[in-house]
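Single-letter residue listing:
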Amino acid sequence: MTTEKLNEANALIKIEVSNDIIDAKKEKVAKKFAKQVKVDGFRKGKVPVTVVKKMYAKEIEKEAIDELIKEEYEAGLKELGIEPTEVIADPIFTKFDKGEEKTEIEIKVSLQPKVNVEGYEDAIPEVELPKITDEDVEAKIKEYAKNVAEPVDSDKEVAENGDIAVIDFEGFIDGKEMENGMATDYPLELGSNSFIPGFEEQIVGMKVGEEKEIKVTFPEEYGAKEIAGKEATFKVKLKKIQEKQVPEITDDLAKKLLQIEEATVETLKEEIEKELLNAKKAEIFNPKKAELVENLIAKFEFDLPDAIVEKEAEMTINQKAQTLKEEEIKELTQNPDKLKEFQEEAKKEAAEKVKLTFIIDELAKKENIDVNDQEVLQVIYFEAIKSGQDAEKIYEYYKENNLLPAIKMSMIEDKLLNTLLDKKAK
């Protein structure tokens, strides 16, 4: 056996085994099999070795070679001075030649690369943040106050846009009552566009106590297909008008909005300022993240483990292939140069992804950035709820397909990039 350290992230173990040694190992394995297997006509443990060799020839040879490789592999790591914990992927067999007298095997070993990220601050682009003014904070507080405004009866006689019209209505299509087309004391905010198009506009100008027939046409894409695109007549009575009463900006409002018993208006202002600043940061940071990633990849050079890069390249090629049009696939299959170019681009992209992963991992340690399982769960649930999907099913799908580590890594990356950009934010 000979060994070679190819670079800081890869090593090669060359094994040369005499076939006599393999045969001797096969003999030992066969004897072990003879004690374990069950064969009709023989008691367990009493099966002749010659019978076992005939029945389990392939299995015996495989186990014998596997045992020899394991012994040589472990000896190779020891000779290289590599701890098993430093190996980060399954070994790659780059050669397996069985000759008449000997068997030659080459194993490439991928190692945890040595990543030095000293001076990473130089890769962070400058970020200029806009100032959050008192007027910005006041406007946002008024917006939130308006959102929690409660309707109160108004002495207005005529309905206007922005009012809440409390109505009774009954709908008819082709002279017949609509199913579920009737309501009493229904509060409709005029201008909210929450009803059938054209309905709210015809309420505007009605007087309290007035009754009126309103004609509208249901949209073609309306959810209930049986009435989609049809004209309907609604008998409507305006019973009263309500207006939203916006609460005063007091400590009580702060407590309600923040759900904190000790909250005050000052506390609310501080929280709103943070919220506005974070929103501005997100808006400005997002395009800067791509620049930061490019800078980090360009700044640091280190050897990458081939096994990881090859696996990532395979995934990248598959992903890219799924996006190709039929004529593009045809061109690749017929043009070797194009295919080679396509594969090289995918490998380069894969190498950059792997490189970034190791950089992010090292920087996350330096900046004490971590994401716990509960945070991952919260993000999955939040995204599922936003898209109207079953959060439990989505989580189980990610778990079963071993996607949770990738989600966690993505969250760590995003958290880290935000932290780094924050350092240069002015």
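What comes next concerns the included structure. (Residues numbered from 1 in each chain as written. Predicted model: local features only at pLDDT ≥ 70, side-chain atom pairs only at ≥ 80, totals over all residues. Heavy atoms only, no water.)

**Considering the pattern of salt bridges**
Keep this limit in mind: A side-chain nitrogen of Lys or Arg and a carboxyl oxygen of Asp or Glu constitute a salt bridge if their distance falls within 4 Å. The numbering of helices and of strands both runs from the N terminus, where a helix is a DSSP run of H or I of at least 4 residues and a strand a run of E of at least 2.
Under the counting rule described, the total for this entry stands at 36 salt bridges. Here Glu 63 makes a salt bridge to Lys 32, at a shortest N to O gap of 2.4 Å. Highlighted residues: Glu 63 in helix α3 (residues 57-80) and Lys 32 in helix α1 (residues 19-36), separated in sequence by 31 residues. Linked through salt bridges whose partners overlap, the residues forming this network are Lys 25, Lys 32, Glu 63, Glu 67 and Glu 71.

**A closer look at the packing of α1 against α3**
Here is the rule: Between the N-to-C directions of two axes lies an angle of 0 to 180 degrees, each axis being a line fitted to C-alpha atoms and, for a helix, fitted only over the stretch in contact. Small angles under 35 degrees read as roughly parallel and large ones over 145 as roughly antiparallel, with 65 to 115 read as roughly perpendicular and the rest as oblique. Put simply, a crossing is left-handed when the front helix is turned counterclockwise from the back one by less than a right angle, and right-handed when it is turned clockwise. Any two residues having at least one pair of non-hydrogen atoms within 4.5 Å are treated as being in contact. Here the nonpolar group is Ala, Val, Leu, Ile, Met, Phe, Trp, Tyr, Cys and Pro; Asp, Glu, Lys and Arg are the charged ones; every other residue, Gly included, is treated as polar.
Contact geometry of α1 with α3 gives a least axis separation of 8 Å together with a crossing angle of 120 degrees. Taken together, the axes of α1 and α3 are oblique relative to one another. Here α1 runs over α3; the crossing is right-handed. Where α1 abuts α3, its residues Ile 21, Ile 22, Lys 25, Lys 26, Val 29, Ala 30, Lys 32 and Phe 33 lie against Glu 59, Ile 60, Glu 61, Glu 63, Ala 64, Ile 65, Glu 67, Leu 68 and Glu 71. Counted by class, the contact of α1 with α3 contains nine nonpolar, no polar and eight charged residues.

**Concerning the side chain of Lys 108**
Worth spelling out the cut-off: Buried, partly exposed and exposed residues are distinguished by accessible area as a fraction of the type maximum, computed with a 1.4 Å probe on protein chains only: under 20%, between the cut-offs, and over 50%, respectively. The term polar contact refers here to a pair of N or O atoms within 3.5 Å; inside protein, the definition further demands a hydrogen-donor-capable atom paired with an acceptor-capable atom, and it admits residues adjacent in sequence only when both atoms are side-chain atoms.
Along the chain, Lys 108 turns up in strand β4 (residues 102-110). Note on Lys 108: relative accessible area 17%, which makes it buried. A polar atom in the side chain of Lys 108 sits 2.9 Å from the side chain of Asp 306. Dropping the residues within four chain positions of it, Lys 108 is found in contact with Leu 6, Asn 10, Ala 11, Leu 12, Pro 91, Ile 92, Thr 94 and Asp 306.

**Some details on the environment of Ala 89**
Within the secondary structure layout, Ala 89 lies in the loop between α3 and β3 (92-98). As for Ala 89 and Gln 112, which are separated by 23 residues in sequence, their C-alpha atoms are 9.1 Å apart. Leave out the neighbours within four places in its chain, and Ala 89 touches Ser 110, Ala 307 and Ile 308.

**Concerning the layout of surface pockets**
Counted only if it meets this: The pocket and cavity definitions rest on a 1 Å grid over protein atoms only: a 1.4 Å probe that fits but cannot leave marks a cavity, an open set with protein on both sides within 12 Å along at least five of seven lines marks a pocket, and residues lining either have an atom within 4 Å of a point. Grid points are joined across faces, edges and corners, and a volume is the space filled by probe spheres set on the points.
Size it by volume and the largest pocket reaches roughly 920 Å³. Residue lining of the largest pocket: 23 residues in total, with Ile 308, Glu 312, Lys 353, Val 354 and Thr 357 positioned closest to the centre. Of all elements in the fold, only α8 (306-323), α10 (336-366) and α13 (404-424) reach the threshold of two or more residues within the lining of the largest pocket. Residue composition of the lining of the largest pocket, by class: twelve nonpolar, four polar and seven charged. The volume enclosed by the second largest pocket comes to roughly 150 Å³. Lining the second largest pocket are Ile 173, Lys 176, Glu 177, Met 178, Glu 179, Ala 224, Glu 226 and Ile 227.

**Some remarks on helix α12 (residues 391-400)**
At the N-terminal end of α12, a side-chain oxygen is found 3.0 Å from the backbone nitrogen of Glu 392, two or three residues along, and the residue is Asp 390. Asn 402 occupies a position one or two residues after α12 and carries a positive phi of about 55 degrees.

**Comments concerning empty space enclosed by the protein**
Unoccupied space between atoms shows up once a probe the size of one water molecule is rolled over them. Enumeration over the complete set of coordinates arrives at one cavity of 30 Å³ or more. Approximately 40 Å³ is the volume attributed to the largest cavity. Around the largest cavity sit Ile 15, Val 17, Ile 22, Ile 65, Leu 68, Ile 69, Thr 103 and Ile 105, which together line it. A total of three residues in the lining of the largest cavity trace back to one element, the largest contributor, which is α3. Here the lining of the largest cavity is composed, by residue class, of seven nonpolar, one polar and no charged.

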